[in-house]
Amino acid sequence: MGIELKCFATLAKFLPENWDDYPVEPGETIRSLIRRLGMPEESVTLMFVNSVRVDLDAEIKEGDRVGLFPPVGGG
């Protein structure tokens, strides 16, 4: 069992086919996940694990729900 991964807006192109059961290693962090997906680190500004906002060094584990968002703007 892996994580459920969602990548929003401009990050959607990085979403793997197995997004609903993406494998993670023990000790994996949001930062290492972003690198593994090939995303530039600066392209991710909002990160959520199980609906809680986290930082790049937050650990993730099997069964977690992870959401990654790019910078947003508007006006």
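Residues numbered from 1 in each chain as written. Predicted model: local features only at pLDDT ≥ 70, side-chain atom pairs only at ≥ 80, totals over all residues. Heavy atoms only, no water.

## Regarding the sheet that holds strand β1 (residues 4–7)
- On the basis of which strands lie adjacent, the open sheet formed by four strands has the order β1-β4-β2-β3 and mixed pairing. Only two strands of the sheet have a single partner each, and these edge strands are β1 and β3 (52–54). Neighbour-to-neighbour, the strand axes of the sheet open up by a mean angle of 25 degrees, direction not taken into account.
- Summarising the sheet, strand β2 (residues 46–49) and β3 pair through three bridges and their orientation is antiparallel. Of the residues in β3, the one forming a bridge with V49 is V52.
- Packing against the sheet, helix α1 (residues 30–37) makes contact with β1, β2, β3 and β4 (65–69), and its axis sits at approximately 70 degrees to β4. (Pairing = 2+ DSSP bridges. Helix = DSSP H or I, 4+ residues; strand = E, 2+ residues; numbered from the N terminus. Axes fitted to C-alpha atoms, helices over the stretch in contact; angles between N-to-C directions. Contact = heavy atoms within 4.5 Å.)

## A look at the nonpolar core
- Counting 19 residues, the largest nonpolar core has I30, V66 and L68 as the members making the most contacts within it.
- Residue assignment for this core shows that the elements contributing at least two residues are β1, α1, β2 and β4.
- Residues in contact with L68, not counting those within four places in the same chain, are L5, K6, C7, F8, L11, I30, I34, L37, M39, V44, L46 and M47. (Core = buried A, V, L, I, M, F, W, Y, C linked by side-chain atoms within 4.5 Å. Buried < 20%, exposed > 50% of the residue type's maximum accessible area, 1.4 Å probe, protein only.)

## Things to note about the side chain of D64
- For D64, the position within the fold is in the loop between β3 and β4.
- At a separation of 2.8 Å, a polar atom in the side chain of D64 contacts the main-chain amide nitrogen of K61.
- D64 has contacts with I3, E4, V49, N50 and E59, leaving out every residue within four places of it along the chain. (Polar contact = N/O pair within 3.5 Å; in protein donor to acceptor, adjacent residues only side chain to side chain.)

## Observations concerning the packing of aromatic side chains
- In the structure shown here, the tally under the stated rule is two aromatic pairs.
- With a centroid separation of 4.2 Å and 5 degrees between ring planes, the pair formed by F8 and F69 is classed as stacked. On the criterion of sequence distance, the pair formed by F8 in the loop between β1 and α1 and F69 in strand β4 is long-range, its members being 61 residues apart.
- For F8, a relative accessible area of 33% corresponds to the partly exposed category.
- We classify F69 as partly exposed; its relative accessible area is 24%.
- A centroid spacing of 5.8 Å and a plane angle of 80 degrees characterise the contact between F48 and F69, whose relative ring orientation is edge-to-face. One end of the pair, F48, is in strand β2; the other, F69, is in strand β4, and 21 residues separate them in sequence. (Phe/Tyr/Trp six-rings, centres within 6.5 Å; stacked < 30°, edge-to-face > 60°.)

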